[in-house]
Amino acid sequence: MTIKDLDHSEYNAFYRNYVELVRNDVHLLDALRNGKQKNVTFYNEIPEEKWHYAYESGKWTILEVLQHVIDTERIFSYRALRIGRGDKTPLAGFEQDDYIKPSQANERSMQELVEEYSLVRDCTINLFKGFNDEALANTGTSSDAALSTRAAGFIICGHEVHHANIIYTRYLNS
């Protein structure tokens, strides 16, 4: 199952830019596996003196961005689990900024967060390995919009690419 199999009606238009960051020809499980390898390497190569850097007042630090990527993956995996299992209960959205301060990401090391990211991704991969084609095509409601199981997976993949791109351009090359 690749992005080509995904219809725009399977997710909120807000997520289109994330989905479009995933290669059209890559299988969902491969995108999850490849993303893990790329991101572990990417975050491990960030110099320690940049971990607490924010490119502008009020913006997150790199540690907080990675924590956000982890939190978002957990939330979208939970959504995928519920929808993939046929749960039709509408799922609430979340306010990403409300999660950052209590996360205390800046009190942690990059190694801790990369390990957490890696473990969460392993769980996500195993979750999606357990879905058959029917479960992947299931559609539910999240944040008052349609969301399919497979769209949730591709959103996870594109979301992490989006944030790695921002870190690269605004945090590391500024």
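Please refer to the structure higher up on the page.
Residues numbered from 1 in each chain as written. Predicted model: local features only at pLDDT ≥ 70, side-chain atom pairs only at ≥ 80, totals over all residues. Heavy atoms only, no water.

Student: Help me out: how do you make sense of the packing of aromatic side chains in this one?
Tutor: How two aromatic rings sit relative to each other is set out by the distance from centre to centre and by the angle between their planes. Enumeration according to the criterion identifies nine aromatic pairs in this entry. On the numbers, 5.2 Å between centres and 75 degrees between planes, the contact of F42 with Y43 is edge-to-face. Given a relative accessible area of 19%, F42 falls into the buried group. What makes Y43 buried here is its relative accessible area of 1%. Note on F128 and F131: the rings are 5.4 Å apart at their centroids and 80 degrees apart in plane angle, and the pair reads as edge-to-face. The same class applies to F128 and to F131, which are both buried. (Phe/Tyr/Trp six-rings, centres within 6.5 Å; stacked < 30°, edge-to-face > 60°. Buried < 20%, exposed > 50% of the residue type's maximum accessible area, 1.4 Å probe, protein only.)

Student: Would you explain unusual backbone geometry in this entry?
Tutor: Generally, phi is negative for residues other than glycine and the peptide bonds are trans, each holding for most cases. Even without a glycine there, the phi angle at Q104 is positive, about 55 degrees. Mapped onto the secondary structure, Q104 falls in the loop between α4 (96-103) and α5 (110-129). Residue Q104 is classed as exposed on the basis of its relative accessible area of 52%. Here S143, not a glycine, exhibits a phi torsion of approximately 55 degrees, which is positive. The partly exposed category is assigned to S143, whose relative accessible area is 28%. (Helix = DSSP H or I, 4+ residues; strand = E, 2+ residues; numbered from the N terminus.)

Student: Help me understand the nonpolar core, please; the structure alone is not making it clear to me.
Tutor: In a soluble, globular protein the nonpolar side chains are often hidden away together inside. If you look at the biggest cluster of nonpolar residues, it comprises 30 residues, and the most contacted ones within it are Y11, L32, F128, L147 and I155. Counting residues per element, the ones that place at least two in this core are α1 (16-19), α2 (28-44), α3 (62-84), α5, α6 (133-137) and α7 (149-172). Sort the elements by how many residues they give to this core and α7 lands first, with six residues. Discounting chain neighbours no more than four positions away, the residues touching I155 are Y11, Y15, Y18, V19, F76 and L147. By size, the runner-up hydrophobic cluster in this structure holds 22 residues, among which are F42, L66, I100 and A164. (Core = buried A, V, L, I, M, F, W, Y, C linked by side-chain atoms within 4.5 Å. Contact = heavy atoms within 4.5 Å.)

Student: Could you clarify how one ought to interpret the side chain of N138 in this entry?
Tutor: Looking at where N138 falls in the secondary structure, it is placed in the loop between α6 and β1 (139-142). From its side chain, N138 meets the backbone oxygen of G84 in a polar contact 3.1 Å long. Excluding residues that lie within four positions of it along the chain, N138 makes contacts with I83, G84, R85, G86, L147, S148 and T149. (Polar contact = N/O pair within 3.5 Å; in protein donor to acceptor, adjacent residues only side chain to side chain.)

Student: Sorry, what's going on with the pattern of salt bridges here?
Tutor: Should their charged atoms come close, side chains of opposite charge can pair. Scanning the entire structure with this criterion turns up nine salt bridges. Between R82 and D87 there is a salt bridge whose closest N-O contact spans 2.6 Å. On the basis of relative accessibility, which here comes to 18%, the residue R82 falls in the buried class. For D87, a relative accessible area of 25% translates into the label partly exposed. R121 is the partner of E160 in a salt bridge, and the nearest nitrogen-oxygen pair spans 2.8 Å. Placement of the pair is E160 in helix α7 and R121 in helix α5, with a sequence separation of 39 residues. Because the salt bridges share partners, they merge into one network encompassing E73, R121 and E160. (Salt bridge = Lys/Arg side-chain N within 4 Å of Asp/Glu carboxyl O.)

Student: I tried to follow the side chain of R82 on my own but got confused; where do I start?
Tutor: Structurally, R82 is set in helix α3. In this structure the side chain of R82 is engaged in a polar contact, spanning 2.7 Å, whose partner is the side chain of Y78.

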